[in-house]
Structure formats: C-alpha cells, structure tokens
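Here is what each chain is made of, one letter per residue.
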Amino acid sequence: MREALARDFFEFVTPIMLAVIAFWMQRFVKKVDALGEIVEKLKETYAGMIGTCTERHNGINARLLMHDHELEQLKTKSGEHETKIAILENQIKD
C-alpha cells in the first residue's frame, strides 16, 4: 500500500515539477538570448568606435609631436641665451 501511494504521489508530482522546471528554463533561455543580442550590439558599437578613436588619436598625436618639436626649439634657444648671458657677465666683470 505504501509503495502504491508513493508511486501515485510521484506520478502526480513529477509532471508538476517538470512543468515548473520548464517554465524557469524557458525564462532563463529568453534572458540568455536577450544578453546575446546586447553583446552583439556592443560589439558593433565598439567596432564603430575604434575607427573614430584611431582618427582622433592620430590628430592628437600629431599635435603633441608638433608641441614637442616646438619645446625642443625653445630649449635650444634658451641654452643659447644662457650662454650669451654668461659671456656678457664675464665681459662686464673684466
């Protein structure tokens, strides 16, 4: 009798449990699909941003190199001026 009761219980409960599991699995699959779509959109956006960033960084790098060159020229002129000032100071002392 117990075995028959247990078997009847499991025959009744098993389809319900499977339905509950199927319900939650279906929701999980929908969420995973939605996340997959979001990841694809992010990949497309990132791919578009790479080109824009490369162009922008090339411009910024060109400007920085130009400023670096100008600073080197100023450094050279400053050194020349310091040398001339030292010569003039020596001439004044004499």
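Before reading further, recall that the structure is shown in the block above.
Scope of this entry: the structure provided in the associated data block. (Residues numbered from 1 in each chain as written. Predicted model: local features only at pLDDT ≥ 70, side-chain atom pairs only at ≥ 80, totals over all residues. Heavy atoms only, no water.)

Re the overall build of the protein chain
A count of helices and strands for the protein chain gives one helix and zero strands. Over its C-alpha trace the protein chain gives a radius of gyration of 39 Å, far above what one expects of a compact globule, namely 12 Å for 94 residues. In terms of overall dimensions, the protein chain has a C-alpha envelope of 130 × 30 × 10 Å along the principal axes. For the protein chain, the residues scored as buried account for 0% of the 94 residues in total. Element-wise, carbon and sulfur atoms account for 66% of the exposed surface of the protein chain, whose accessible area totals about 9200 Å². Between the centroid of the 13 positive side chains of the protein chain and the centroid of its 15 negative side chains there is a distance of 7 Å. (Helix = DSSP H or I, 4+ residues; strand = E, 2+ residues; numbered from the N terminus. Rg over C-alpha atoms; globule rule 2.2 N^0.38 Å. Buried < 20%, exposed > 50% of the residue type's maximum accessible area, 1.4 Å probe, protein only. Areas by Shrake-Rupley, 256 points an atom, 1.4 Å probe, with all protein chains shown as cover. Lys, Arg positive; Asp, Glu negative; His and termini not counted. Charge placed at Lys NZ, Arg CZ, Asp CG, Glu CD.)

Focus: the environment of F12
Take F12: it is sitting in helix α1 (residues 2-93). For the pair F12 and L42, spaced 30 residues apart in the sequence, the C-alpha separation amounts to 46 Å.

Re the pattern of salt bridges
Counting across every chain of the model gives one salt bridge. For the salt bridge of E40 with K43, the shortest nitrogen-to-oxygen distance reads 3.6 Å. Taken as a pair, E40 and K43 lie in helix α1 at a separation of three residues, close to a single helical turn. We classify E40 as partly exposed; its relative accessible area is 42%. (Salt bridge = Lys/Arg side-chain N within 4 Å of Asp/Glu carboxyl O.)

What to know about the packing of aromatic side chains
The full count for this structure, using the stated rule, is two aromatic pairs. Ring plane angle 70° and centroid distance 5.5 Å describe the contact between F9 and F10, whose orientation is recorded as edge-to-face. The exposure class assigned to F9 is partly exposed, which follows from its relative accessible area of 49%. Ring centres of F23 and W24 lie 5.1 Å apart, and the angle between their planes is 80°; on these two criteria the pair is classed as edge-to-face. (Phe/Tyr/Trp six-rings, centres within 6.5 Å; stacked < 30°, edge-to-face > 60°.)

Quick look at the environment of E11
Mapping E11 onto the fold places it in helix α1. Judged by its relative accessible area of 52%, E11 is exposed. Separated by 67 residues in the primary sequence, E11 and S78 place their C-alpha atoms 95 Å from one another.

Purely geometric stuff here, so don't read any function into it on its own.
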